Amino acid sequence: MDRTLLLSLLICTAAIAAVGSRDSNLTDGRLSWATAADESDLAPPDESDSDGGFSSLDSMLQWAISHSDPEKLKESAQTQQRLSPNELQKRQIEIKELMDKIKMPSDAELMKIAISDLNNVSTSLEDRHRALQELLELVEPIDNANDLNKLGGLFAVTRELNHSDSSIRTVAAWVLGKASQNNPIVQQQVLELGVLSKLMVMVKSDSIDEANKALYAVSAVIRNNLVSQEVFYAEAGGSMLQDILRNASLDIRLRRKAVLLLADLAEYQLGNVDRDEPPFFNDRDLLKSVVDLTASTDLDLQEKALVAIKSLLQLRTTEARVFKDFCALGDALNRMRQLLHDLMADEYQRDYVMGVESLRIEVEHIFHRKLVKQ
């Protein structure tokens, strides 16, 4: 059926629904409608792709409402209000019958189709890439992410990490990262598949996109997960981060991700004081590579470096004298203060710069307290 006709019927459905709850939706005698601003996270389907569509009837309905003229919606609702109860019930039955015929596939069914494409050795490179992109969107809800392994998708995606095409490996790593994010169940499943070491190797890829997505996946798998972090350290994850942080020629996005991951690891350690601190945190060269980031020309990287230094300073095993004498943290903070002072002249970034300066001052206070204490 033509999509325009279908969306028209969906708008009619929305109008009927509004009539059914008119008492709760009336404000000063007028209906209140959702606008595009209310549903800014929804995007229309790709009209150029005949196989594309919405992941659910609800998303189609929401999109139809948010991308329609509010005045026309209001007029349609008023038309529905004039229908008799019998006419209204008949219209609802007609629309329900139409929806039953359409049989919108569930997320699980869409995931099965994409996984089937990945398991098919004859699937073209383009279709394989499309299948991964579909899974990337589908695994965002945590319930779908948890279903990925049940449907055989986790193994299918991890297999793509060995594909000869870099773009396929990149999206596969992205899917794993998206599914693992703040999800202990998937984190454990990925770990059991032995994928973490493979992802860490991919971080060293010559492809900028592949390296970035691989590090994103590594971060997602080990964040707030003690077992995964132990594997990360055993696989020389600390050295991997140090190599990235001290290499100014690497992509700036990769360096931001690396220092942010370091900050997360240190923050997690602070929240688990009964756990022995890995020697990795007290590596003098690592600490210096983080402090040196405060001299970067990228303000975002400087801010992330301050966040990491703040947590590292609060660890039990880090030494204030190492920060002072070997890393020259005091001098770095003074230089940064002058730099931030100069940047405040730019009114367009003044608020952001002031926020970074507040963080710098906080780090400076923690540093001085640690010096006095030790």
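The structure contained in this document is the topic of the report that follows. All figures in this text were calculated on a predicted structure; none of them were measured in a lab. (Residues numbered from 1 in each chain as written. Predicted model: local features only at pLDDT ≥ 70, side-chain atom pairs only at ≥ 80, totals over all residues. Heavy atoms only, no water.)

Once that is clear, we can look at the overall build of the chain. Looking only at helices and strands, the chain features 21 helices and 2 strands. Every one of the 374 residues in the chain was classed for burial, and the buried ones make up 43%. Long-range pairs, those at least 24 residues apart, make up 70% of the contacts in the chain between residues at least 6 apart in sequence. Surface accessibility of the chain: about 19800 Å² in total, with carbon and sulfur atoms responsible for 49%. (Helix = DSSP H or I, 4+ residues; strand = E, 2+ residues; numbered from the N terminus. Buried < 20%, exposed > 50% of the residue type's maximum accessible area, 1.4 Å probe, protein only. Contact = heavy atoms within 4.5 Å. Areas by Shrake-Rupley, 256 points an atom, 1.4 Å probe, with all protein chains shown as cover.)

If you walk through the whole model with that rule in mind, you get 17 salt bridges. Where R169 meets E210, a salt bridge forms, and the shortest distance between an N and an O atom there is 2.8 Å. Of this pair, R169 sits in helix α10 (residues 166–180) while E210 sits in helix α13 (residues 208–222), placing them 41 residues apart in sequence. The residues R169 and E210 share a single accessibility class, namely buried. Put simply, K324 and D325 hold a salt bridge, and the shortest N to O gap is 3.7 Å. What you see here is one network of salt bridges that share partners, running through R256, D298, D300 and K304. (Salt bridge = Lys/Arg side-chain N within 4 Å of Asp/Glu carboxyl O.)

Turning our eyes to something else, we now look at unusual backbone geometry. Even without a glycine there, the phi angle at N182 is positive, about 50 degrees. Tracing the backbone through its elements, the reader meets N182 in the loop between α10 and α11 (184–192). A relative accessible area of 59% places N182 in the exposed class. A positive phi angle, close to 65 degrees, is found at A236, a residue other than glycine. A236 gets classed as partly exposed once you look at its relative accessible area, which sits at 39%.

Right, let's talk about helix α20 (residues 329–343) for a bit. With 15 residues, α20 ought to run about 21 Å at 1.5 Å a step, and its terminal C-alpha atoms sit 21 Å apart, in line with that. Among the residues of α20, those classed as buried are L329, A332, L333, M336 and L340. Down the axis of α20, the buried set is contained in an arc of 95 degrees. They therefore lie on one face. Along α20, the residues that are exposed and aim more than 90 degrees away from the buried face are R335 and H341. Those residues of α20 hidden inside the fold are in contact with α17 (284–292), α18 (299–313), α19 (320–326) and α21 (350–373). (Expected span 1.5 Å × (residues − 1). Arc of directions from axis to C-beta.)

Take the packing of aromatic side chains next. The description of an aromatic ring pair uses the distance of the two centres, along with the angle that the planes make with each other. Under the defined criterion, the tally for this structure stands at 4 aromatic pairs. Judged by centre distance (5.4 Å) and plane angle (45 degrees), the ring pair of Y233 and F280 falls under tilted. In this pair, Y233 is assigned in helix α14 (residues 226–234) and F280 in the loop between α16 (252–270) and α17, connecting sequence segments 47 residues apart. Judged by its relative accessible area of 18%, Y233 falls in the buried class. The class for F280 is buried, based on a relative accessible area of 14%. Ring centres of F280 and F281 lie 5.1 Å apart, and the angle between their planes is 50 degrees; on these two criteria the pair is classed as tilted. When sorted by exposure, F280 lands in the same class as F281, which is buried. (Phe/Tyr/Trp six-rings, centres within 6.5 Å; stacked < 30°, edge-to-face > 60°.)

Within the element layout of this structure, T123 appears in the loop between α6 (107–119) and α7 (125–138). Residue classification places T123 among the buried residues on the basis of a relative accessible area of 13%. Polar side-chain contacts of T123 include one of 2.6 Å to the backbone oxygen of D117. (Polar contact = N/O pair within 3.5 Å; in protein donor to acceptor, adjacent residues only side chain to side chain.)

A separate point is the packing of α17 against α18. Two numbers describe how α17 lies on α18: the axes approach to 9 Å, and their chain directions differ by 140 degrees. As far as their axial angle goes, α18 and α17 are oblique. As α17 runs across α18, the sense of the crossing is left-handed. Residues L287, V290 and V291 of α17 lie in contact with α18, whose contacting residues are A305, A308, I309 and L312. Among the residues forming the contact of α17 with α18, the class breakdown is 7 nonpolar, no polar and no charged. (Axes fitted to C-alpha atoms, helices over the stretch in contact; angles between N-to-C directions. Parallel < 35°, antiparallel > 145°, perpendicular 65-115°, else oblique. Left-handed = near helix turned anticlockwise from the far one by under 90°. Nonpolar A, V, L, I, M, F, W, Y, C, P; charged D, E, K, R; others polar.)

On the secondary structure map, A234 appears in helix α14. Linking A234 and S197, residues 37 residues apart in sequence, is a C-alpha distance of 9.8 Å.

In short, geometric facts, not functional conclusions.
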